[in-house]
Amino acid sequence: MATNIMSMVKLGKDLLALAMENKFLRRATKIYEKSVMEYGMSNPQKLLYPLTVIWHLTDRCNLRCSYCYNNSDDNTREELNLQQKLDLANQFVEMGLPSLHFSGGEAILSPDFWQVSERLTNGGIHVGLFTNGTTLNLENIIRLKSVGLDEVAVSLDTLKQGKDKRFKSYYVTQVFDGIRNARDYGLRTTIVVTLTRSNLNELGDILRCAEELKVDEVDFFPYKPVGRGIKLEECLSQQEFDSILDAGKELFFDNKDLIHIMPDAKFSREIVLSDCN
């Protein structure tokens, strides 16, 4: 009995030591500790600061995808200037923010992206990038590594080569090259798929492609009828969404840990259903 208890204690210490080596977990633990001291324990725990932030850095984008939730274009009218962005980055560092992901538009197109990214990573924040993948050339990948980014999440909704340069489907081969560059240079690489009625029959092919590209994760979330895509008839029912993901996991049972539903997917499904019906 005593031996078992000692083994469990040692395992607990080993797991804690491993967690403390992870900068996200280390900083998240500090926020939880401060929050418990301030508010007491609760379920869910009330937090002093967020554990993660998605920063919509710019509206600039080199594409005009028909389902874009943000309706991104070349608009920079409401964008913060560099000093404001750096001030905000400093606030995130001071609060001990564990994780931040840049979004847009295409965040890497902002001339301020590199300086702001470096300020955040130098402050100990785990930084990632949501991207359409067309900007992940070798030069940019090397620069992402040099400023300390940890991961990229690449949007990929079809494997079919398109003919319209405004849409991502025109650049499928270029996106594949970007994913390979990110993976080869050690960035954690995720493929993000927006499920619509138009790409349902490509689910298996996209998953097979993800395996061939050796990405770390594939995230699915349902199309949302907002932004440029507000009038598109691409909504899935909750039953359709669930059955598609179940079929995908069954298809790749030996590697089903590759497949994830975005954390807000259940909430998003409810929004989509209410907006579509």
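Reading the values: rules and limits
- One numbering rule holds for all chains: residues counted from 1, following each sequence as written.
- It should be noted that, the model being predicted, local features are given only for residues of pLDDT at least 70 and side-chain atom pairs only at 80 or more, the latter also being counted only at that level, while totals for whole chains, interfaces and linings use all residues.
- With hydrogens and water excluded, all non-hydrogen atoms of the structure serve as input to the side-chain values.
- Put simply, a patch holds well-exposed residues, over 30% relative accessible area, that have no salt bridge, with like charges counted together within 9 Å and Val, Leu, Ile, Met, Phe, Trp or Tyr side chains within 5 Å.
- With residues, only the protein chains shown are counted as cover, and all accessible areas are computed by Shrake-Rupley using a 1.4 Å probe.
- Just to be clear on terms, a salt bridge is a Lys or Arg side-chain nitrogen sitting within 4 Å of an Asp or Glu carboxyl oxygen.
- Helix numbering and strand numbering both begin at the N terminus, where a helix is a DSSP run of H or I of at least 4 residues and a strand a DSSP run of E of at least 2.
- To sort residues, take the accessible area from a 1.4 Å probe on protein chains only and compare it with the maximum for the residue type: under 20% means buried, over 50% means exposed, and anything in between is partly exposed.
- Any two strands with at least two DSSP-identified bridges between them are counted as paired.
- Each axis is a line fitted through C-alpha atoms, taken for helices only over the stretch in contact, and angles between the N-to-C directions span 0 to 180 degrees.
- These descriptions rest on fixed angle ranges, namely under 35 degrees for roughly parallel, over 145 for roughly antiparallel, 65 to 115 for roughly perpendicular, and the rest for oblique.
- By convention the crossing between two helices is left-handed if the near helix lies anticlockwise of the far one by an angle smaller than a right angle, and right-handed if it lies clockwise.
- A contact between two residues is defined here by any heavy atoms of the two lying within 4.5 Å.
- Residue type decides the class: Asp, Glu, Lys and Arg count as charged, Ala, Val, Leu, Ile, Met, Phe, Trp, Tyr, Cys and Pro as nonpolar, and the leftover types, Gly among them, as polar.
- Here, nonpolar core means buried Ala, Val, Leu, Ile, Met, Phe, Trp, Tyr and Cys residues that are tied together by side-chain atoms lying within 4.5 Å of each other.
- Within this analysis, the arc is defined by the directions that extend from the helix axis to the C-beta atoms.
- Two N or O atoms count as a polar contact when they lie within 3.5 Å, although within protein this holds only if one can serve as hydrogen donor and the other as acceptor, and sequence-adjacent residues are included solely when both atoms are side-chain atoms.
- Classification of ring pairs rests on two measures: the distance between centres of Phe, Tyr or Trp rings, Trp counted by its six-membered ring, which must be within 6.5 Å, and the angle between planes, read as stacked under 30 degrees, edge-to-face over 60 and tilted in between.

### Re a nonpolar patch on the surface
Okay, so step 1: Together, Tyr39, Leu48 and Tyr49 make up a nonpolar patch on the protein surface, roughly 240 Å² of accessible area in all.
Okay, so step 2: Relative to the elements of secondary structure, Tyr49 occurs in the loop between helix 2 (23-39) and strand 1 (52-56).

### A look at the pairing of strand 1
Okay, so step 1: The two faces of strand 1 differ: Val53 and Trp55 on one face are buried, but Thr52, Ile54 and His56 on the other face are not.
Okay, so step 2: With 5 bridges connecting them, strand 1 and strand 2 (residues 99-103) associate as parallel partners. Bridge pairing links Ile54 to His101 in strand 2.

### Digging into the packing of helix 3 (residues 82-95) against helix 4 (residues 113-122)
Okay, so step 1: At a closest axis distance of 9 Å, the pairing of helix 3 and helix 4 adopts a crossing angle of 15°. Judged on the interaxial angle alone, helix 4 and helix 3 are roughly parallel. Judged by the twist between their axes, the crossing of helix 3 over helix 4 is right-handed. Between helix 3 and helix 4, the residues in contact are Leu82, Lys85, Leu86, Ala89, Asn90, Phe92 and Val93 and Gln115, Val116, Arg119 and Leu120, respectively.
Okay, so step 2: Classifying every residue of the contact of helix 3 with helix 4 by side-chain character gives 7 nonpolar, 2 polar and 2 charged.

### What to know about the nonpolar core
Okay, so step 1: Grouped together as the largest cluster of nonpolar side chains are 46 residues, with contacts concentrated most on Phe102, Phe113, Leu120 and Leu144.
Okay, so step 2: Counting residues per element, this core draws most heavily on helix 7 (residues 203-213), which supplies 6 residues.
Okay, so step 3: Non-local contacts of Phe102, meaning those with residues more than four positions away in its chain, are made with Trp55, Leu57, Ala107, Phe113, Val116, Ser117, Leu120, Val127, Gly128, Leu129 and Phe130.

### What to know about helix 5 (residues 138-146)
Okay, so step 1: All of the buried residues along helix 5 are Asn140, Ile141 and Leu144. In an axial view of helix 5, the angular spread of the buried residues amounts to 100°, which keeps them on one side of the axis. Exposed side chains of helix 5 directed beyond 90 degrees from the buried face belong to Glu139 and Ser146.
Okay, so step 2: As for helix 5, its buried residues are in contact with helix 4, strand 3 (126-131), strand 4 (151-155) and helix 6 (172-184).
Okay, so step 3: A side-chain oxygen of the first residue of helix 5 lies 3.2 Å from the backbone nitrogen of Glu139; this N-cap is Asn137.
Okay, so step 4: The first or second residue beyond helix 5 is Gly148, which carries a positive phi of 95°.

### Digging into the environment of Ala182
Okay, so step 1: Examined against the element boundaries, Ala182 turns out to sit in helix 6.
Okay, so step 2: According to the relative accessible area criterion, Ala182 is buried, its value standing at 0%.
Okay, so step 3: A C-alpha to C-alpha distance of 9.3 Å links Ala182 and Leu144, two positions 38 residues apart in sequence.
Okay, so step 4: Discounting residues that sit within four places of it in the chain, Ala182 has contacts with Ile141, Val152, Leu187 and Thr189.

### Examining the packing of aromatic side chains
Okay, so step 1: With the rule as written, the count across this model stands at 4 aromatic pairs.
Okay, so step 2: When the ring of Trp55 is compared with that of Phe102, the centres are 5.7 Å apart and the planes differ by 35°; the resulting orientation is tilted. A residue pair is termed long-range when its members are at least 10 positions apart, and Trp55 in strand 1 and Phe102 in strand 2 qualify at 47 residues.
Okay, so step 3: In this structure Trp55 comes out as buried when scored by relative accessible area, which is 7%.
Okay, so step 4: Where Phe102 meets Phe113, the ring centres are 5.2 Å apart and the plane angle is 65°; that geometry is what we call edge-to-face.

### Things to note about the pattern of salt bridges
Okay, so step 1: Tallied over the entire structure, the rule returns 7 salt bridges.
Okay, so step 2: Here Glu79 ties to Arg60 by a salt bridge, and the two come within 3.9 Å at their closest N and O atoms. In this pair, Glu79 is assigned in the loop between strand 1 and helix 3 and Arg60 in the loop between strand 1 and helix 3, connecting sequence segments 19 residues apart.
Okay, so step 3: On the basis of relative accessibility, which here comes to 26%, the residue Arg60 falls in the partly exposed class.
Okay, so step 4: Notably, a salt bridge pairs Arg180 with Asp177, separated by 3.3 Å at the nearest N-O pair. Here the residue Arg180 and the residue Asp177 both occupy positions in helix 6, the gap between them amounting to 3 residues, near one helical turn.
Okay, so step 5: Connected via shared salt-bridge partners are Arg60, Glu79, Lys85 and Asp112.

### Some remarks on the packing of helix 6 against helix 7
Helix-helix packing is characterised by the crossing angle of the two axes and by the distance between the axes.
Okay, so step 1: Where helix 6 meets helix 7, the closest approach of the two axes is 10 Å, and the angle between their N-to-C directions is 40°. The angle between helix 6 and helix 7 places the two elements in the oblique class. Where helix 6 approaches helix 7, its residues Phe176, Ile179, Arg180 and Arg183 are matched on the opposing element by Cys209, Glu212 and Leu213.
Okay, so step 2: Of the residues in the contact of helix 6 with helix 7, the class split is 4 nonpolar, no polar and 3 charged.

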